[in-house]
Amino acid sequence: MSEFLLEILSEEMPARMQDKGISGLADAFRLKLREHRMEFKLLKSYSTPQRLILLVDGLPKEQKEIIEERKGPKVGANPKAVGGFLESVGYDSVDHPDIEIKKIKNNEFYVARLRVGGRKTRDILSQLVKEILSEMRWPKSMRWGAGSFRWVRPIESILCIFDGKVVNGGIDLGVVRGKGSGETLCFGSETRGHKFLACDTFAPANFDEYKDQLKSTYVQIDREARKRTIEENALALATAKGLSTNLDGDIVNENAGLVEWPVVFMGAIEQEFLTLPDEVLITSMKSHQKYFPLHTKEGALAPWFIMVSNIESLSKTNGIVDGNERVLRARLHDAKFFWETDKAISLSDHGKGLSHITFHTKLGSVADKVVRLSVLAPKIGRFVPGTDSESLQRAAALCKADLVTEMVGEFAELQGVMGKYYALAQGEPGPVAEAIGGHYAPLGPTMSCPTEPNCICLALADKIDTLVGMFTAGERPTGSKDPFALRRAALGIVRIILENKVRVSLSAMIAWSRETYIGQDIACGDKIGEVVLLFILDRLKVYLREMGFRHDIVEAAFSVPDNADLVRLQLRIEALHDFLSSADGLQMLGVYSRAMSIVQIEERRKKVSFRGKVVPELLSEPAEKTLLDRLESMDVQIQKALVDEDFVGAMKSVVQLGAAVANFFEQVKVNVENDEIRVNRLCLLGRVGALLGSVADFSVIEG
């Protein structure tokens, strides 16, 4: 068994493309090796900013020999046909040991057994590398030189060795529009170390030697090891300074994709920039420079940051730190200029520019959206305790004004956040500023929801307006495509309502939003409200399943008509979940299923409904009389419990009813000869189903 090592050395690949690139390469090799009957013990892959590396261990020197069967003519066929078959398989006679007679569909045929020898593994690998590299597709790729071959970045060399020796072959780089002569990038046995620290070439004999020699020349091929180095050294530097840092996993991962040899340094932020809002400083560091902000023990932003370099500094003055500080200083100078410039103009004046920003070509400008929010948010506010209508109205009028500021133009992710800071700087009340700052939240499943009343109202209004508008404009999500993040908006609505126990009807909010569009002469059809409601409810189902509720329990609760109040719906689901997790619940489910099965069978057979009125005079057995009495008393109790949202109490009543139904089955025969009595008893069971159906649709519960 032998080892295959492939390294594609190129110019620096974008960090975001490395994971998909190496996983795609590994998956392609895994599939192709199996197609070629090549067994292996191990397949591992690694990536650095400049390298995609594949190791396959335990490969045989050649393919296994296989037996192929080739069907020939029928026994007794024309001798010429038989002769042609024998010639094609290389045998002289049908009496050859490898010629068999097989019966196929009542006819006998000659079948030749051909021994197909295995190809050399080295030859197969040469073919596979060419095929796979030519077939790989990148989100963005490029040509270089005069060739037509495309890769994510220009390839410098391809190390391709099997069993310690180079694999013959290469990649045809092609020509562009017939210009020039086609070149071949040949496979080689050499690679090099770090681009700047150790660029001499070497020829490894195997993977262990390759990995060790790269490490000695400042290349760590294991991405996870690079991430650990970054995390450990960053924490060590922060701790030595008495500071802390939140090692954002995305930033750690991206830095690991930017360096082959991570070296961590600490830089300083000049005091003049600490007057900027923390979010501006953090965004400048994390989003633009991939730095790690540092905080004091009290949680305040510290005037220091952590950076990750790809080279070690040999200079006493540490030019790497100086250079990174200069880059950050330039960005913060710009941010400070934006901050001062924007503050000099009131948010109201900034807001005048919103008429020049298109919300959607079919829905008008962002200024039009602000008008709609100013109408919709106060209506929602009537259902959110603690809402200050005057502050909410003001916040709605100003919430999008920061979109025209210089700061948000540079740092788009700070929309809303900067509006809050500008509002506070210009003397707006706290509730107004908080509502402006939080009305985009939550921007993802892990982001906190707003909890301040004004902010809740404005956040709901913003998302409802977006959903109703985009559905009106025909921008519904399809498959994995959701360019306007409508699923995220719907999930945000669900979370805001449930986490804050907001008792407002989804249907009502959607209807109010439709009215605001109609008021601006934007056609918003009658069916839009229903479609948007179903879209949000679908997100709610996903959310509840992720919270641990079974899909059938969710469906059972959704089947009850009053599902526009999400808080009420969640209470029903929680009670149903607890009920069906108990022994009483499981017993009741069995009784219900038996009762409905009898009724439904008879309804299908007779093609009539047995959900009509029960005639008390036709009840003769004590058990059926008891069941009717229990139904009438339980009906009152259950309906009262449902009105009071005492779903736990409703479930307890269901248990009591279940005992009466079980006793009915023990004492009473349903399908008697007397038609009147039989129909009456079926209607009695039908009434059981109708009453339980007001609690939940137990028919969809999986036993």
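Values in this document were obtained by computation on a predicted structure and should not be read as measured data. (Residues numbered from 1 in each chain as written. Predicted model: local features only at pLDDT ≥ 70, side-chain atom pairs only at ≥ 80, totals over all residues. Heavy atoms only, no water.)

1. Quick look at the overall build of the protein chain
The helix and strand inventory of the protein chain stands at 24 helices and 17 strands. The C-alpha radius of gyration of the protein chain comes to 36 Å, more than 25% above the 27 Å expected for a compact globule of 703 residues. In terms of overall dimensions, the protein chain has a C-alpha envelope of 100 × 95 × 50 Å along the principal axes. Contacts spanning at least 24 positions in sequence make up 69% of the contacts within the protein chain whose residues lie at least 6 apart. Within the structure as shown, the protein chain displays about 33,700 Å² of accessible surface, and the carbon and sulfur contribution to it stands at 50%. Positive and negative side-chain charges in the protein chain, numbering 90 and 96 respectively, have mean positions lying 4 Å apart. (Helix = DSSP H or I, 4+ residues; strand = E, 2+ residues; numbered from the N terminus. Rg over C-alpha atoms; globule rule 2.2 N^0.38 Å. Contact = heavy atoms within 4.5 Å. Areas by Shrake-Rupley, 256 points an atom, 1.4 Å probe, with all protein chains shown as cover. Lys, Arg positive; Asp, Glu negative; His and termini not counted. Charge placed at Lys NZ, Arg CZ, Asp CG, Glu CD.)

2. Points about the nonpolar core
Leu467, Leu506, Ile536, Leu540 and Phe698 are the most contacted members of the largest nonpolar core, which totals 144 residues. In terms of residue count, helix H15 (residues 453-472) provides more of this core than any other element does, 12 residues in total. With sequence-adjacent residues up to four places away left out, Phe698 is seen in contact with Leu576, Phe579, Leu580, Leu589, Tyr592 and Leu692. (Core = buried A, V, L, I, M, F, W, Y, C linked by side-chain atoms within 4.5 Å. Buried < 20%, exposed > 50% of the residue type's maximum accessible area, 1.4 Å probe, protein only.)

3. Here we look at unusual backbone geometry
The residue after Ala441, namely Pro442, is reached through a cis peptide bond having omega -5°. Turning to its location among the elements, Pro442 is positioned in the loop between helix H14 (430-438) and H15. The backbone phi angle of Asp163 is positive, close to 55°, even though this residue is not glycine. Mapped onto the fold, Asp163 is located in the loop between strand S7 (155-162) and strand S8 (165-166). Positioned with a positive phi, Ala485 is a non-glycine residue whose angle comes to about 55°. Of note, Ala485 is situated in the loop between H15 and helix H16 (486-500).

4. Considerations on the packing of helix H20 (residues 566-580) against helix H23 (residues 647-667)
With their axes 9 Å apart at the nearest point, H20 and H23 run at an angle of 40° to one another. In terms of orientation, H20 lies oblique with respect to H23. Seen along the crossing, H20 lies across H23 with a hand that is right-handed. Between H20, through Arg568, Leu571, Arg572, Ala575, Leu576 and Phe579, and H23, the contact on the second element is made entirely by Phe647, Val648, Met651, Val654 and Val655. (Axes fitted to C-alpha atoms, helices over the stretch in contact; angles between N-to-C directions. Parallel < 35°, antiparallel > 145°, perpendicular 65-115°, else oblique. Left-handed = near helix turned anticlockwise from the far one by under 90°.)

5. Observations regarding helix H8 (residues 319-343)
In a regular helix each residue adds 1.5 Å, so 25 residues correspond to 36 Å; H8 covers 36 Å between its end C-alpha atoms and thus fits that length. Listing the buried residues of H8 in full gives Ile320, Val321, Gly323, Glu325, Leu328, Leu332, Ala335, Phe338, Trp339 and Asp342. Contacts made by the buried residues of H8 are with strand S13 (263-268), helix H7 (278-289), strand S15 (301-309), helix H9 (347-351), helix H12 (406-410) and helix H13 (417-425). (Expected span 1.5 Å × (residues − 1).)

6. Points about the domain arrangement of the protein chain
If you check the domain split of the protein chain, you get domain 1 (2-62 + 121-217), domain 2 (66-116), domain 3 (223-342), domain 4 (348-548) and domain 5 (576-700). On a C-alpha basis, the centroid separation for the pair domain 2 and domain 4 is 75 Å. (Domains from an automatic or database assignment.)

7. Overview of the pattern of salt bridges
Two side chains of opposite charge can pair, provided their charged atoms sit close to one another. One pass over the full model with this rule turns up 41 salt bridges. Here Lys369 makes a salt bridge to Asp465, at a shortest N to O gap of 2.7 Å. Taken as a pair, Lys369 in helix H10 (residues 366-381) and Asp465 in helix H15 lie far apart in primary sequence, 96 residues in all. Each member of the pair, Lys369 as well as Asp465, carries the same accessibility label: buried. (Salt bridge = Lys/Arg side-chain N within 4 Å of Asp/Glu carboxyl O.)

8. Describing the sheet that holds S15
Sheet strands line up and pair through hydrogen bonds in the backbone, either parallel or antiparallel. A sheet is described by the order of its strands in space; here three strands give the open sequence S13-S15-S14, paired in antiparallel fashion. Sheet topology places S13 and strand S14 (292-295) at the edges, where each strand pairs with a single neighbour. Averaged over neighbouring strand pairs, the angle between their axes works out to 30° when direction is ignored. This element, helix H5 (residues 223-240), spans S13, S14 and S15 of the sheet and lies at about 35° to S13. (Pairing = 2+ DSSP bridges.)

9. Overview of the pairing of strand S1 (residues 2-10)
Burial within S1 is extensive, with eight of its nine residues counted as buried. Pairing analysis gives seven bridges linking S1 to S7, with the strands arranged antiparallel. Opposite Leu9, over in S7, you have Ser157 as the bridge partner.

10. Some details on the packing of aromatic side chains
How two aromatic rings sit relative to each other is set out by the distance from centre to centre and by the angle between their planes. Counted according to the given criterion, the structure contains 14 aromatic pairs. Seen in terms of ring centroids, Tyr291 and Phe305 are 4.7 Å apart; in terms of plane orientation they differ by 20°. Their pairing is stacked. Of this pair, Tyr291 sits in the loop between H7 and S14 while Phe305 sits in strand S15, and the two are 14 residues apart along the sequence. Of the residues examined, Tyr291 reaches a relative accessible area of 3% and is grouped as buried. Ring geometry for Trp339 versus Tyr422: centroids 5.4 Å apart, planes at 25°, classification stacked. One end of the pair, Trp339, is in helix H8; the other, Tyr422, is in helix H13, and 83 residues separate them in sequence. Above the ring of Phe558, the side-chain terminus of Lys541 is found at 5.1 Å from the ring centroid. (Phe/Tyr/Trp six-rings, centres within 6.5 Å; stacked < 30°, edge-to-face > 60°. Lys NZ or Arg CZ within 6 Å of the ring centre and 35° of its normal.)

11. Concerning the sheet that holds strand S5 (residues 99-104)
On the basis of which strands lie adjacent, the open sheet formed by three strands has the order S4-S6-S5 and antiparallel pairing. Of all strands in the sheet, those with a lone pairing partner are strand S4 (66-74) and S5, marking the two edges. Neighbour-to-neighbour, the strand axes of the sheet open up by a mean angle of 40°, direction not taken into account. Across six bridges, the pairing between S5 and strand S6 (residues 107-116) is antiparallel. Across the sheet, Lys103 pairs through a bridge with Glu108, a residue of S6. In the packing of helix H2 (residues 79-89) onto the sheet, the strands contacted are S4, S5 and S6, and the crossing angle to S4 comes to about 165°.

12. Observations concerning H14
Here H14 has its buried residues at Val432, Ala433, Ala435, Ile436 and Gly438. The inward-facing, buried residues of H14 abut H9, helix H11 (389-398), H13 and H15.

13. Notes on the side chain of Thr245
By the element assignment, Thr245 lies in the loop between H5 and helix H6 (249-256). Of the residues examined, Thr245 reaches a relative accessible area of 14% and is grouped as buried. Engagement of the side chain of Thr245 in a polar contact is seen with the backbone oxygen of Pro293, the distance being 3.0 Å. Look past the residues within four positions of Thr245 in its chain and what remains in contact with it is Leu235, Ala238, Phe292, Pro293 and Leu294. (Polar contact = N/O pair within 3.5 Å; in protein donor to acceptor, adjacent residues only side chain to side chain.)

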